Amino acid sequence: MFRQALLTARRAGAQRTSFVERHIDVCNPKGACRSGSFGPSNILGSKTQLLYPKRDFTSTATRQSGHNKWSKIRHNKAIQDGKKNVLYNKLQKDLLIAVQVGGSPDPALNATLAQAIKKAKSQGLPKSNLERTLARASGGGDTNGKEILYEIMTNDSIGLLASFVSDNPARAKQAMNEIVKDNGARFTPTSFLFDKKAVVCVEVPASEVDKHVETLWDVAIDLGAEDVVNLAEEGGSDAETVGTTAEGAPDANEKVEIEILGPPNLLATLSSTLSKPPHSFHLTESELQWRPKDPDAARASAEALSEESKEALRTLVEELEESPECVGVWCSID
């Protein structure tokens, strides 16, 4: 009986850290029962006390963590991977368009492509993706997909143009339908509110901006450009970040951007001429864009828009830009 009790205790997970005296009723071999203590020295109940192992019991269930850390990490990683894929798709499409606009897959002969390659590298496009895209562009044939321009109007009468490049126009239109419908907008002609422009931006030291603006006027206008704009004087974010020295002069380390606008067919010429000697300007942008036909009216419309309407417009534009086949979205307000 002692052996059976000991085995039972061991199976129940008894710990040998402390002992307590236990009194039990023990039956002798003849069947008469008496009360006593028993232990290894007196199995059948001598007065020698047996100290039994103390057992700790609990009815409280083990508490588990309230969330799965890996699931959260995996979810966040999936979001980040999705955003990277969208970005990479856009950068690759920019490269393909730059080859079409500049007429050459060689960046040494195509300043627009050279700028697109620089942008792609700065935003982390893997080298293998870059090389594969350029090889695809060099192969000729209909490998770049079809360019589609969607015209959209919001409930606040704000015109949008969304440019897509897709090898499956039906799929692209289905994705667009869902986004436009969910945001209360509609498809309707809006391109009459815009002009397509060649846009080239160069970065120059703030301390020498006046000299470079004058140079750019002479060079760009002679090439056929329509306007040269010092973005720091337009009241944008660049104007707020230009620093000055203690004497009030522009900080030599600060940079400002100057924007050159021209007709679409002038993009390659402007980019090539301004980026090469004797000018050798540092290009920060070289692409075709849709700009509001009336910039003054566009600024006035933006100022009159309520915060709620601005937020709704922001949401719509972001959802359009997040589409993998979208290469650009433009608004009729500035």
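The structure we're discussing is the one just above.
If you're wondering where the values come from, they're calculated on a predicted model, not measured in any experiment. (Residues numbered from 1 in each chain as written. Predicted model: local features only at pLDDT ≥ 70, side-chain atom pairs only at ≥ 80, totals over all residues. Heavy atoms only, no water.)

1. Description of a negative patch on the surface
Here comes step 1: A cluster of like negative charges, contributed by E178, D182, E318, E319, E321 and E322, occupies part of the molecular surface.
Here comes step 2: With 3 residues, the single largest contributor to the negative patch is helix α10 (residues 307–321).
Here comes step 3: Looking at the secondary structure, you find E178 in helix α5 (residues 169–182). (Patch = residues over 30% accessible without salt bridge, like charges linked within 9 Å, V, L, I, M, F, W, Y side chains within 5 Å. Areas by Shrake-Rupley, 256 points an atom, 1.4 Å probe, with all protein chains shown as cover. Salt bridge = Lys/Arg side-chain N within 4 Å of Asp/Glu carboxyl O. Lys, Arg positive; Asp, Glu negative; His and termini not counted. Charge placed at Lys NZ, Arg CZ, Asp CG, Glu CD. Helix = DSSP H or I, 4+ residues; strand = E, 2+ residues; numbered from the N terminus.)

2. Observations concerning the pairing of strand β12 (residues 326–331)
Here comes step 1: The buried fraction of β12 amounts to 5 of the 6 residues, a majority that puts the element mostly inside the structure.
Here comes step 2: Bridge count between strand β6 (residues 159–166) and β12: 5 bridges; the pairing is antiparallel. Looking across to β12, one finds that A162 is bridged to V329. (Buried < 20%, exposed > 50% of the residue type's maximum accessible area, 1.4 Å probe, protein only. Pairing = 2+ DSSP bridges.)

3. Description of the sheet that holds strand β8 (residues 194–205)
Here comes step 1: Pairing in this open sheet of 4 strands is antiparallel, and the strands run β9-β10-β8-β11 from one edge to the other. On the outer flanks of this sheet lie β9 (227–230) and β11 (282–292), each paired with one strand and no other. Neighbouring strand axes in the sheet, compared pairwise and without regard to direction, differ in orientation by 25° on average.
Here comes step 2: Here β8 pairs with β11 via 10 bridges, running antiparallel. Each residue of the ladder has a partner; that of F194, found in β11, is P292. (Axes fitted to C-alpha atoms, helices over the stretch in contact; angles between N-to-C directions.)

4. Focus: the pattern of salt bridges
Here comes step 1: Considering all chains together, one arrives at 11 salt bridges under this definition.
Here comes step 2: In this structure, the salt-bridge partner of D94 is K119, at a minimum N-O distance of 3.7 Å. Residue D94 is located in helix α2 (residues 69–102), and its partner K119 is located in helix α3 (residues 111–122); the two are separated by 25 residues in the primary sequence.
Here comes step 3: Salt-bridge contacts for K310 lead to E307; the nearest nitrogen and oxygen are separated by 3.7 Å. Pair noted here: K310 and E307 are both in helix α10, with a separation of 3 residues, about one helical turn.
Here comes step 4: Since its relative accessible area comes to 25%, K310 is described here as partly exposed.
Here comes step 5: When salt bridges with common partners are traced through the structure, they connect D167, R171 and E325 into a single cluster.

5. Regarding the sheet that holds β6
Here comes step 1: An order of β7-β5-β6-β12 is seen for the 4 strands of this open sheet, with the pairing classed as antiparallel. Of all the strands in the sheet, just β7 (186–187) and β12 have a single pairing partner and so form its edges.
Here comes step 2: Helix-sheet contacts for α5 involve β5 (146–153), β6 and β7, and the interaxial angle to β5 is about 20°. (Contact = heavy atoms within 4.5 Å.)

6. Let's talk about the environment of R291
Here comes step 1: Mapped onto the elements, R291 comes out in strand β11.
Here comes step 2: A relative accessible area of 21% places R291 in the partly exposed class.
Here comes step 3: On a C-alpha basis, the gap between R291 and V199 in space is 9.7 Å, while along the polypeptide they are 92 residues apart.
Here comes step 4: Not counting chain neighbours up to four residues away, the residues in contact with R291 comprise L193, F194, D195, K197, V199, E259 and L261.
Here comes step 5: Within polar-contact distance, the side chain of R291 engages the side chain of E259 at 2.7 Å.
Here comes step 6: Looking at R291, its side chain comes within polar contact range of the side chain of Q289, at 2.9 Å. (Polar contact = N/O pair within 3.5 Å; in protein donor to acceptor, adjacent residues only side chain to side chain.)

Everything listed here is a matter of geometry and, on its own, says nothing about what the molecule does.
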